[in-house]
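Report on the structure
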Amino acid sequence: MPCLAALPPMARPSRRRPSTSVRRRGRTLAALSCGCLCGRRHLIGASSAAALLPLLAPPSPAAPPIDPEVMLERVHPSRPDWYEEFYATAMDQGMKSYEAEIAGYKSKLFSQLLAAGKNILELGVGTGPNFKYYASGNGVNVIGVDPNKHMEDYARSAAVSAGLPSSSFTFKRGVAEALPAEDNSMDVVIGTLVLCSVNNIDMALREIYRVLKPGGLYLFVEHVAAPVLPVCIADGSLLRFVQGAFDPLQQFVADGCHLTRKTGENIRDVGFSSLSLDSVRLSNAYIISPHVYGVASK
């Protein structure tokens, strides 16, 4: 038995003379050696262990468990400057048709947000296409997080165009796995087309949950894997096959973007107090046409 194996030789019961006192002592020592704190005789041991718990338990962090700059270099090390500048320009110019089609869904989503006086963190802020939906409210303070430093100029320009004073916008290089914000500090976290490209989606969602205040909102729009529909192969399963085939190439050319993530399921598993999640399929974005969007509350 494991408990007996942990006993010192002198505490093991004798086979020739089964002494009751030795057996009792053996059981007590064995239980303590194995951490079995049951029974009145173990009350002192249990109390001593409980007294040590505050010393052994890690303190509740007020900041990311890993330094944001360390995590940034770990999961998204700096690319060549020309590449990051090119990618920022491509995002600014190349997403206009997508933004035009998704605009109606974003308007519906952001209409649920009363942004005035709120502290808002936008994850993967990019060139700032979402500012026009929420940034004009009085007293809004926005932290825009993105690993690409060349996004800042575009984001600042978009913020000014949306009516957000420059003093109310802070751009921070960072990644979702270690957000540069304290616990329970944000009224709102916004993320659109960002969880497709994070290194660890579950870690990113835990970070979003960590920085939200109790009752805070997480607004999201994400493209996801197409559902596999055996009854309608041409509509669902074929697209899912194409996504799987092109996924490695997409990650290479689109800064880590994955085509086959089931992001809606990940969001459901976080443990938000409430979640409203809808799905839609866009017409002009074939390979990334399936989307989920919604609002979660901490």
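The rules behind these values
Residues numbered from 1 in each chain as written. Predicted model: local features only at pLDDT ≥ 70, side-chain atom pairs only at ≥ 80, totals over all residues. Heavy atoms only, no water. Helix = DSSP H or I, 4+ residues; strand = E, 2+ residues; numbered from the N terminus. Buried < 20%, exposed > 50% of the residue type's maximum accessible area, 1.4 Å probe, protein only. Contact = heavy atoms within 4.5 Å. Areas by Shrake-Rupley, 256 points an atom, 1.4 Å probe, with all protein chains shown as cover. pLDDT = per-residue confidence, 0-100. Pairing = 2+ DSSP bridges. Phe/Tyr/Trp six-rings, centres within 6.5 Å; stacked < 30°, edge-to-face > 60°. 1 Å grid on protein atoms, 1.4 Å probe; cavity = no way out; pocket = protein on both sides within 12 Å on 5 of 7 lines; lining within 4 Å. Points joined across faces, edges and corners; volume = space filled by probe spheres on them. Nonpolar A, V, L, I, M, F, W, Y, C, P; charged D, E, K, R; others polar. Axes fitted to C-alpha atoms, helices over the stretch in contact; angles between N-to-C directions. Core = buried A, V, L, I, M, F, W, Y, C linked by side-chain atoms within 4.5 Å. Right-handed = clockwise from strand over helix to strand, strands pointing away.

Quick look at the overall build of the protein chain now. On a plain count of helices and strands, the protein chain comes out with 11 helices and seven strands. When the 298 residues of the protein chain are sorted by exposure, 42% land in the buried category. Within the protein chain, counting contacts between residues at least 6 apart in sequence, those at least 24 apart form 69% of the total. Carbon and sulfur atoms form 59% of the exposed surface of the protein chain, whose accessible area is close to 16,100 Å².

Below, the discussion takes up unusual backbone geometry. Of note in the backbone geometry, Asn 184 takes a positive phi value of approximately 50° without being a glycine. If you trace the backbone, Asn 184 turns up in the loop between β3 (169-172) and β4 (186-192). On the accessibility criterion, Asn 184 (40% relative accessible area) is partly exposed. For Leu 193, which is not glycine, the phi dihedral falls at a positive 50°. Within the fold, Leu 193 resides in the loop between β4 and α9 (201-211).

Mean pLDDT over the protein chain: 80, with 76% of residues reaching 70 or higher. Note that pLDDT drops below 50 for residues 1-61; the model gives that stretch 31 contacts with residues more than four away or on any other chain.

Turning next to the pairing of strand β2 (residues 141-145). Residues in a regular strand project their side chains so that they alternate between the two faces of the sheet. β2 sits mainly inside the fold: four of its five residues count as buried. Of the pairings in the sheet, the one linking strand β1 (residues 119-123) to β2 comprises five bridges and is parallel in character. Counterpart to Glu 122 in the pairing with β2 is Gly 144.

Here the structure, examined in full by the defined rule, presents 10 aromatic pairs. With a centroid separation of 6.1 Å and an interplanar angle of 25°, the aromatic rings of Tyr 83 and Tyr 87 are classed as stacked. One end of the pair, Tyr 83, and the other, Tyr 87, are both in helix α5 (residues 81-94), four residues apart, so they sit about a helical turn from each other. With respect to class, Tyr 83 is no different from Tyr 87; both count as buried. Each ring, one from Tyr 218 and one from Phe 220, has its centre 5.3 Å from the other, and the planes form 35°; the classification is tilted.

We now examine the environment of Glu 101. Of note, Glu 101 is situated in helix α6 (residues 96-110). Here the alpha-carbon distance between Glu 101 and Leu 282, two residues 181 residues apart in the chain, equals 7.4 Å. Setting aside chain neighbours within four positions, we find Glu 101 in contact with Leu 282, Ser 283 and Asn 284.

Further remarks concern the environment of Ser 166. In this structure, Ser 166 sits in the loop between α8 (151-161) and β3. For the pair Ser 166 and Val 142, spaced 24 residues apart in the sequence, the C-alpha separation amounts to 9.9 Å.

Moving on to the layout of surface pockets. Taken as a whole, the second largest pocket holds about 320 Å³ of empty space. Of all the secondary-structure elements, those providing two or more residues to the lining of the second largest pocket are α10 (233-253), α11 (263-268), β6 (274-281) and β7 (290-297). For the lining of the second largest pocket, the per-class residue count stands at 10 nonpolar, four polar and seven charged.

Spatial strand order, β3-β2-β1-β4-β5-β7-β6: seven strands in an open sheet with mixed pairing. Only two strands of the sheet have a single neighbouring strand rather than two, namely β3 and β6. Each strand of the sheet is rotated relative to its neighbour by a mean of 15°, with strand direction disregarded. Strand contacts of α9: β1, β4 and β5 (212-223), with the helix running at about 145° to β5, the strand carrying the most contacts.

If you look at the biggest cluster of nonpolar residues, it comprises 33 residues, and the most contacted ones within it are Leu 113, Ile 120, Phe 131, Tyr 134, Val 142, Ile 190 and Leu 219. Sequence-distant contacts of Leu 219, that is, excluding residues within four places in its chain, are made with Leu 109, Phe 110, Leu 113, Val 188, Val 189, Ile 190, Gly 191, Gly 294 and Val 295. Among the nonpolar cores identified, the runner-up in size contains 25 residues, and Ile 143, Met 186, Val 194 and Tyr 218 belong to it.

Let us look at the environment of Tyr 98. Tracing the backbone shows Tyr 98 in helix α6. For the pair Tyr 98 and Ser 283, spaced 185 residues apart in sequence, the C-alpha separation works out to 9.6 Å. Apart from the residues within four sequence positions on either side, Tyr 98 is in contact with Leu 193, Val 221, Leu 282, Asn 284 and His 291.

A few words now on the pairing of β5. Here β4 pairs with β5 via six bridges, running parallel. The residue bridging Val 188 from the neighbouring strand is Leu 217, located in β5. Once the chain exits β4 it traverses α9 before rejoining the sheet at β5, and the crossover so formed is right-handed. Strand direction decides the pairing type here: β5 and β7, joined by seven bridges, are antiparallel. Paired with Glu 222 across the two strands is Val 292, which belongs to β7.

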